[in-house]
Each structure stands twice: as C-alpha cells, then as structure tokens.
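Structural description and commentary
Residues per chain, in single letters:
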Amino acid sequence: MVRFTLGLCLLLLAMTIIKSSAKSDSIFPYKYQKETLPNGLTVIMIPMESPGLVAYYSVVKTGSRDEVEPGKSGFAHFFEHMMFRGTKKYPAAVYDSIVKSIGASANAFTTDDLTAYHLNFAKEDLEKVIEIESDRFQNLDYEKTAFQTEAGAIYGEYRKNVTQPFSLLNETMQNTAYDVHTYKHTTMGFEADIKAMPEGYEYSKSFFKKFYRPDNVVILITGDIDPKATLDLIKKYYSSWEKGYVPPSVLPEPPQTAERTAEVSYPGKTLPIINIAYKGDALDPNNTDYVAARLLADLAFSENSDLYKKLVINEQKVQFISSSVPMNRDLPLFEVYSMVKKPEDLNYVRDEVYRTLEEFKTKPVDQKKLDDLKRRNKYGFLMALDAPDNVASSLTRLIAITGGIEVIDQLYKKSDTITPQDIMSAAKKYFTPERRTFVVLKGVQQ
Amino acid sequence: MKNVIFLFASILLLIPSSMTFGEEKVSEKNMVLLPVGNDPTISFRIWFKVGSQNDPAGKEGLAAITASMLTDASTQVNSYEQVLDKLFPLAADYSASTSVEQTIIYGRTHKDNIDEYYPLLMDAMLKPAFKQEDLDRIRSQALNYLENSMRYASDEELGKAILYNTIFAGSPYGHITTGLVESVKSITLDDIGNFYKKYYTADNVIVGLGGGYDAGLVEKIRKDLDALPKGAPKTVPKPKAKAINGLNVTIVDKDAQSTAISLGFPIDVLRGSKDYYALSIANSWLGQHRNSASHLYQVIREERGLNYGDYSYIENFPRGGGRMVPPQNVCRRQQIFEVWIRPVPNETKHFALRAALREVNNLVDKGMTESNFRLTRDFLKKFVLNYAPTTMERLGYALDDRFYGIKGSHLEIFRKMMDEIKLSDVNKALKKHLKTGNIQIAVVTKDAAGFREALINDAPSPITYKTPKPESVLNEDKEIIKYPIKVKPGNVTILKVADIFSK
C-alpha cells in the first residue's frame, strides 16, 4: 500500500464529499459500473476510498446445484480446491509465492448456487492479481497426482465438519426433502462420492471446460480502484477467454404432495435439534409472496418475536430458535430450527412452530412490528457495508443469481410495499403440511 | 458517505504514531478515542479489566456469566424482552466477550439511532437486574456448551482447550472462560452481584469509542460511567506456567473418526517487543493462519493430503476456524507458542505429529533462509493491512495497544519493524524463545491406550497413500516415519471425554 501524504488524503476527502452529495435514492450507497465483455464476462466495479485496499471476487455461477451427474456430488467444492493447483505459466508454488509476495489475503468458498474466489490486497498490485486470476481461470493445468492428493484434503474437511450435529441434520434434511433436484445433496457432497473423488480426474477436466467460462463468471471489484483503468486491465487479460458455458440440465423438483419426516442419530452427545422446512420459491424481487415470506420468517421467529420470547426467555424450553428464507436460484427450503432442552418437549416445540405459522395465516401482523422490521433491514444492510471485502461478500450471492446488484433496490422497494395482508397470503401459500419436511436429530449418548 | 470511513482510517494508520487512533485527543486515562468523522456508525468497546483469571476457585465461569447477565438479560429499566424489542428496529445490539484477562462490552449502531441505542447500552452496564430466570437461561447455554458442544461437536476446539488447560493447570489461566460443569452449576445471583460490585468499577474500565460520534457523547459516557462505584480491584499476578519436562502428552479418549492435535509451550514474548515481530516472521513462514503459504500446511496438507490445514501461533488466536485474521481484545500477559493440526485420519496421527515436530525443530535448528525471510517479511508488511479494515476492528487494536502498553500503534510498528528486522534477528529470536525440548501435546483420538504405547516406544509410524506421491515426498517420509519423539511413560495422561471440564 502506498503511503499517502496528509495532503493527498485531504484531496481525496474533498472528492469523496462531492461524490457523496451526488447520491441517488438507491439504498445501495455506492456508485458502481457494470460492463459485459464480448465473451460474456461481466465486470462490476465499485470504487470506494478504502484507502489503498481492493477486494477482488471472481464469482462462478456454479455451485453444488450444478452437480447433475450421479456420483459426482461435492465436485464444485472439490474443484474450488483444484483452482489453486496452478497453470503452466504459474505452477501452484509460483502462484502461491506471488500471492504471498503481494501480501494478499486469498481464499475461496463454494455454496449451493455459486463458487467464489476472493483476494484482498493493496491497490498497486491490481494488475498482478488480474493477471494471475485470469491465467488460472483460462489455463488451469494440474497433474493427476496433485488431483488425487487434494481429494485427501477434501476428505479431511469432511471429517472436520462431520462432528458438528448441524452438518448431519442438514444432510438428512436435504436428502429427505428433495427427490430429484440437486439440492438433495449438500455442497460438501455425499460421503461415498467424496471417497470416490480420486477417480474423477478426467471428469474434473470436463467440469472446468463446461463451467469455468466467461459467460458463467462475474468479476466483482470493490475498493480503491479507478474503474476505467481497471476495465482496461480486465479487457487486456480476459478478452482471449473463450465463451462456451453449457448450462446443466438440473431436473426440476416435482411439487411435494405430502408431509415428510425423518429422524437422524448423532453419534456423540447433543441436545435434540428439530428442523422444520417448507418448499419455498426462488429469489425473485417481483414475487410478492417470496418477499413477504422473508419478512414473515423474521416476524415469527427472530429475537423480538412472540414465539422466541415464549420458548427462549419465558418457558426456557429451547436453547434457541431461528429461521431462514434464503435467496436461491431454484426452489429452496424455508426453514425453522430449534435446539430443545428436554427430549419430552420436542413435540410441544414443533407444535408451537406450527401454531405460530397458522396464526400468521389468519391474524394480520401488527403494523408497527412490520415497520420496525423494515427499518431494521435497511440499517442492517447499510451497517454491513463497512469495508471493501464486506461490500463484496454481501453482494456475492445476489450477483451469482441475478448477474447484477440492481436486485437490491428491487428487493427493498418491494419490501416497502408489503402489507400485513401480503404476509397472510405468503403464510397460506408456503407454510402448509404438503410442503413440509420435519427432521429431528438426537444424540446417541446421553 | 461510507467511503470516507476508510479514508479517515487510513489517515489514522499512516500518520505518525503519536496521532494514530486519535489518542492525542484522550484527555483522561480511561478513554481510547478513535474519531472517524464521516463514519455513519458509532462503535463502542467498553473494557472492564476482569476475565476468567478473576474467577474465584469453585466458581469458574463466573466472569463470563456475569458479563452475559449484563448484555443478554433484563435491566432495572427494561425486561429482557423489552430490551430486544427496543434494539430490534435499530439493527444494533451489544454483546459481551470475556477472555482470560478482559471483558469487553461491545456494540455498534448507526448514528441515526444513537439516541435510542445509547441508554440501552448504559442501562446494561449500570443498571443490571440480575434476575434468576436470566441466570437459568444463561447457565443452561454455558452447560450445553461445555457438556455437548465442546466435548462432542468440535474435536479441534477441544484439543486447543486441553492444551491451554494443561499448560496453565493450577494457575488462574488454567480453565476455559466458560468454566467447569460443577462450578457453573453452583453460581448464584449473590455470586454475580458481588463479582459485579468488585470488578465493574469506575476505576477498572477503559472506554473505547470510535466512528462518527459527536463530541458531546464523550462527555456523556464519561459522566455516566462515573456512576459506577470507585476503586480498582487488585491485579492478579501474571500466571506461572508449570515447567514442562520433555514431551508431555494428554490424550482425550473418545470414539473419534479422526484425530485432532494441538501442541505448544509458554513463550515470554509479547506485542511491542522486537522479538515479537522477529518471531512473527518465522511463525508466518512456519504456519500462517488459514493460509496456504504456511509451511506446515504445505508439508501435511498440500503434499500429503492428510487434513484440511496446519498452522502455528505466537499469541492466542481463539475461534480460528471462523476467522482469517487475528481477533482483538483477547490479550494475555503470558502467551504460548502453539501448533494446530486439523483432524487427520486416525492411522496417520503419529506420523502427522512427527511431521509437525520435525518442521518446528528444523526451523529452530537451521533458522529461516534468506529468501524465505525476505518473502515472508514482505508478505506480512502488506498483509497486516487486512487486520483492521473497519472502525470497530481498529478500535479493538487501540485497546490492545493500551493493554500491552504500546506507545502508538501495534499495526504501524509491525509494518515499520518489517523494514528493520534482519534475518539474524529472526534466527536469534527462534533459538532464544522456542525451546522445543519441552512441549505439551494434546490429542483427541480413539484408542488412546494404543497411541500411548506407540508414543512411549517411539514406534515407527509407517504411512501409505491411496494415491501416488512424488519421490521427494516419499524420501522425506522415510525420515519422518522414524523421527524420534521419545515420550516417557509417566508423561502420558489419558482423559475420558466425559470427565473434561469437570472437577
């Protein structure tokens, strides 16, 4: 990072104030620039005086959702690891030493709908980062032995996670709730598939060819950048990348027609945990029911909800209760979790969740509570955007699913219009026994 | 509007250290101010000089529970439900973090909401209600953590806890902050009230305030906290770790699918000293946290695929699985050198332990090479910029500087020292501080008795791979397989998992 003189800082400060004064009514507080190259690569640049720090995210719109071949669950995540195994120009050790020499903080993660590679570094190293990132996305090259060794590290990651009861619970829930859609398996994958990974060398090459294409990737750059100069660099290094993304044929999940249940045993000791899930809808800011369901989940189960106060604070029957209405490309599960203190209270807690959801179908929510939640969501979003990496990580999922960040304003504008009646409609649509899967996890040891 | 935050933060970082973190504005001894003019948020870190080292014998966990009874419970003004209702629309909250030596009440709000937020925060510290129903709820969480989560859900966290508990056994550092099962069960409202009166005093607090606050807030918080009783409790003497004699191994026997290993020993090096920064370079090369540049990571994970990662530390780094850069406000006057080997297949535990010890010994014996030294030094000089990009994190570092008595800024000194420290400084510090003959080792695994036998016999630990490995790796394996790590029979302790965190 270049050492600023105080004079330069003051100059930048003046510039910042001028920019800030030109802000629009968008909830997203930063101006940004979005470009798409002829090969389909999308670039989103969000300048912010950070100062001297840049966050660089390569967002691949492929996650475990795209693992359509039998026996290949967990491969998107495995492939994320292989992306660190180098190219002819920059073998793994050279890539690592470059990342180290520029003092970058670098990592990657995989989820159901995306894989993201991210680096935080000083702005003077931007071109070097663009060069090495564009190189590995176009020219990844690894030997079979490196591939097979990495499979061991993946199994190590699985072993690290598997002692956590929530891993087992989620694995069981997804496997029970879905029949054909790839959300049936977790991002980690089925254990049998993880064990078989060393045999998948040829498959891994085809995975790269299919999914690591410019028309399936968004580059997101936040921080101390000059958009024009940055775009020139992106064009210089990424233009030769050939398009050719082949979307996978992900089977749509047929509508669920009856409630499902499952029980899973955790080999250690834990309080029982219940997970109640309902088939929901994909992210869509124009879907009133979906946006209302996101608000409903907080109204019904967050810290100031009646049920939280009852079960956590007053009756103290559960360690916690929480909910999730996620943002997904396809139909996700809208979930409620609770860790119950005594096994004999399991049915009671489950029925309290059902009762609460039924109430939302018939009783309009208090307008003040709804307004409080809308206020909370706006402040929560704003407060999260406090460093280049935090801005980029807040946007990654939205960008992977929609290709841009316009969806933020669309979501908040729609949210502003949601009424107590809309909440009731959403409750009636989603939270029905036919859409439901109930899973309980119990510890084997007492 | 937000963009300006970082600009100001930059000014604070890069201008001369006498002005770093705005400390030139501090007019009283118990405040650390980090004004960031156009930051639309306000950050609080209220540091009470109390931690688990102050837990009375038989009441281990009292410091942590008392802190939670302030932030996660009713006040004399509002019931806990009302507190949650009032905080909810603000998207703001406050929490307590108790470590061995410190308790921090921290929180952050958008400045639009400061008038609603501030009284709630002050009530939590000044007017706690200490109700039995809140204690019951908080205690239940603590017991669930000890009896279930720690014992069964994360063998690597369990391994680290065992390492610290054994190194500091018998000292005020000798238990995890959550305490012991029996002691947590025994804590009463009277215990909490007395502890609060003794340690939450006007003379035992440092106020950290950062972001876009008005000048009036400084006066107000100073005046409000003055309502706390006067007087400072006696300082707990710095703990003396028992001397480790050779290799000492504690094995937790449980039906584990894989083996978690942590090892280490006390070091007399703290932030601010030249040796700290010299050792930081060596440690970064050996085991930079969650970074593939870590040499241990390269040897154990990258070349051999035995696990998910392998790292080393020269200061406490709790909750490492969830963080990429060090946390703030977990300061200790006595640190340890620590190696964290993430779970390996059970059949490779002896090999992995040998591989790690061999690398540590090699580093101390041979020192860093000139090229590794230069590369790592340059890496760290830039990498520390990632340690504190937000106001809240910078405020945390500013408080840490106060704890360690650092004039100016640790992060700034860190960068400066990267220009000053020479390879000879690093290799000298390694020999001076890393006495690798005496190491405490914590292992969570199955077949503890079998592993004990293997250790005391120093039995070879052959390894086979399911996939081909390069000749260089196989040749190195021949040395690792028989690398001597002799453990005396009396130096191996086997614990049952159900007995841990229990008297």
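Only a predicted model underlies this, so the values are computations on that prediction, with no experimental measurement involved.

**Quick look at the overall build of chain B**
- Scanning chain B from N- to C-terminus turns up 18 helices and eleven strands.
- For a compact globule of 503 residues, the expected C-alpha radius of gyration is about 23 Å, and chain B comes in at 24 Å, within 12% of that figure.
- The principal-axis extents of the C-alpha atoms in chain B amount to approximately 70 × 50 × 40 Å.
- Counting only residues that meet the buried cut, chain B has 56% of its 503 residues in that class.
- When contacts within chain B are restricted to residue pairs at least 6 apart in sequence, long-range pairs at least 24 apart make up 82% of them.

**Notes on the overall build of chain A**
- Helices and strands together make up the secondary structure of chain A, namely 16 helices and eleven strands.
- Relative to the compact-globule value of 22 Å for 446 residues, chain A shows a C-alpha radius of gyration of 24 Å, a close match.
- Once the C-alpha set of chain A is aligned to its principal axes, its extents read approximately 60 × 55 × 40 Å.
- When the 446 residues of chain A are sorted by exposure, 48% land in the buried category.
- Expressed as a percentage of contacts within chain A between residues at least 6 apart in sequence, the contacts between residues at least 24 apart total 82%.

**Here's the deal with the domain arrangement of chain A**
All names here are of chain A.
- Annotation of chain A at the domain level lists domain 1 (30–238) and domain 2 (260–443).
- The centre of domain 1, based on its C-alpha atoms, is set 28 Å off from the matching centre of domain 2.
- With 34 residues of domain 1 in contact, the opposing surface of domain 2 contributes 30 residues.
- Counting residues per element, the ones that place at least two in the side of domain 1 that touches domain 2 are β2 (42–47), β3 (53–60), β5 (115–122), α6 (165–177) and β6 (217–223).
- No other element matches α6, which puts seven residues into the side of domain 1 that touches domain 2.
- Broken down by class, the residue content of the side of domain 1 that touches domain 2 amounts to 19 nonpolar, ten polar and five charged.

**A word on the nonpolar core**
- Membership of the largest hydrophobic core comes to 211 residues, with the highest contact counts inside it found for V59 and L220 of chain A together with A352 and A356 of chain B.
- Among residues more than four places away in sequence, those in contact with L220 of chain A are I44, Y57, V59, A392, L395 and I399 of chain A.
- One finds M173, I273, A292 and V336 of chain A within the second-largest nonpolar core, a separate group that totals 53 residues.

**Examining the pairing of β5 of chain A**
Residues and elements named next belong to chain A.
- Where burial is concerned, most of β5 is hidden: eight out of the eight residues are buried.
- Pairing between β3 and β5: eight bridges, direction antiparallel. Each bridged residue has a counterpart across the sheet, and for S58 the counterpart in β5 is Y117.
- Two strands pair when backbone bridges link them, and strand β4 (residues 105–110) and β5 are joined in this way by six bridges, in the antiparallel orientation. Directly across from S105, in β5, lies its bridge partner N120.
- Here β4 folds back onto β5 in antiparallel fashion, the turn holding four residues.

**Points about the domain arrangement of chain B**
Residue and element names in this part refer to chain B.
- As assigned here, chain B comprises domain 1 (3–225) and domain 2 (247–499).
- Spacing between the C-alpha centres of domain 1 and domain 2 amounts to 29 Å.
- Every contact between the two is made by 37 residues of domain 1 and, on the other side, 38 residues of domain 2.
- For the side of domain 1 that touches domain 2, the elements supplying multiple residues, two or more each, are α1 (3–14), β1 (31–35), β2 (41–48), β4 (103–110), α6 (155–167) and β5 (205–211).
- In terms of residue count, the dominant contributor to the side of domain 1 that touches domain 2 is α6 (nine residues).
- Considered class by class, the residues forming the side of domain 1 that touches domain 2 number 17 nonpolar, twelve polar and eight charged.

**Some thoughts on the interface of chain B and chain A**
- Counting residues at the interface gives 64 residues for chain B, matched by 66 residues for chain A.
- Of all the secondary-structure elements, those providing two or more residues to the side of chain B that touches chain A are α1, α3 (80–87), β4, α5 (132–153), α6, β9 (335–345) and α13 (370–383) of chain B.
- With nine residues, the top contributor of residues to the side of chain B that touches chain A is α5 of chain B.
- Looking at side-chain class alone, the side of chain B that touches chain A contains 29 nonpolar, 18 polar and 17 charged residues.

**Description of helix α14 (residues 388–402) of chain A**
All names here are of chain A.
- Along its 15 residues, α14 runs 21 Å from first to last C-alpha, staying within 8% of the 21 Å computed at 1.5 Å per residue.
- When the local axis directions of α14 are compared, the greatest deviation, roughly 40 degrees, occurs at T396.
- For α14, the complete set of buried residues consists of P388, D389, V391, A392, L395, R397, I399 and A400.
- Buried positions along α14 lie against β2, β3, β5 and β6.
- Among the residues trailing α14, G403 stands out with phi positive, at a value near 85 degrees.

**Some details on the sheet that holds strand β6 (residues 247–253) of chain B**
Residue and element names in this part refer to chain B.
- Here six strands make up an open sheet; going across it, the order is β8-β9-β7-β10-β6-β11 and the pairing mixed. Every interior strand has two partners, whereas the edge strands, β8 (310–313) and β11 (492–496), have only one. On average, adjacent strands in this sheet sit at an angle of 15 degrees to one another, irrespective of strand direction.
- Here strand β7 (residues 258–267) runs beside β9; their pairing, made up of nine bridges, is antiparallel. Bridge pairing in β9 links S262 to W340.
- α6 rests against β6, β7, β9 and β10 (439–445) of the sheet, and its axis sits at about 30 degrees to β7.

**What to know about the pairing of β4 of chain B**
Residues and elements named next belong to chain B.
- The element β4 is extensively covered by neighbouring structure, given that eight of its eight residues are classed as buried.
- The alternating pattern of β4 places T103, I105, G107 and T109 on one face and I104, Y106, R108 and H110 on the opposite face, and all of these are buried.
- Bridging between β2 and β4 involves eight bridges; their strand directions are antiparallel. Residue I46 lies in a different strand from β4, and its bridge partner there is I105.
- In the sheet, strand β3 (residues 93–98) pairs with β4 via six bridges, with the strands oriented antiparallel. Paired with T98 across the two strands is T103, which belongs to β4.

Rules behind the numbers
- Residues numbered from 1 in each chain as written.
- Chains lettered and ligands numbered in written order.
- Predicted model: local features only at pLDDT ≥ 70, side-chain atom pairs only at ≥ 80, totals over all residues.
- Helix = DSSP H or I, 4+ residues; strand = E, 2+ residues; numbered from the N terminus.
- Rg over C-alpha atoms; globule rule 2.2 N^0.38 Å.
- Buried ≥ 20, exposed ≤ 12 C-beta atoms within 10 Å, placed from the backbone.
- Contact = placed C-beta atoms within 7 Å.
- Domains from an automatic or database assignment.
- Nonpolar A, V, L, I, M, F, W, Y, C, P; charged D, E, K, R; others polar.
- Core = buried A, V, L, I, M, F, W, Y, C linked by C-beta atoms within 7 Å.
- Pairing = 2+ DSSP bridges.
- Expected span 1.5 Å × (residues − 1).
- Bend = angle between axes of the 7 residues up to and from the residue.
- Axes fitted to C-alpha atoms, helices over the stretch in contact; angles between N-to-C directions.

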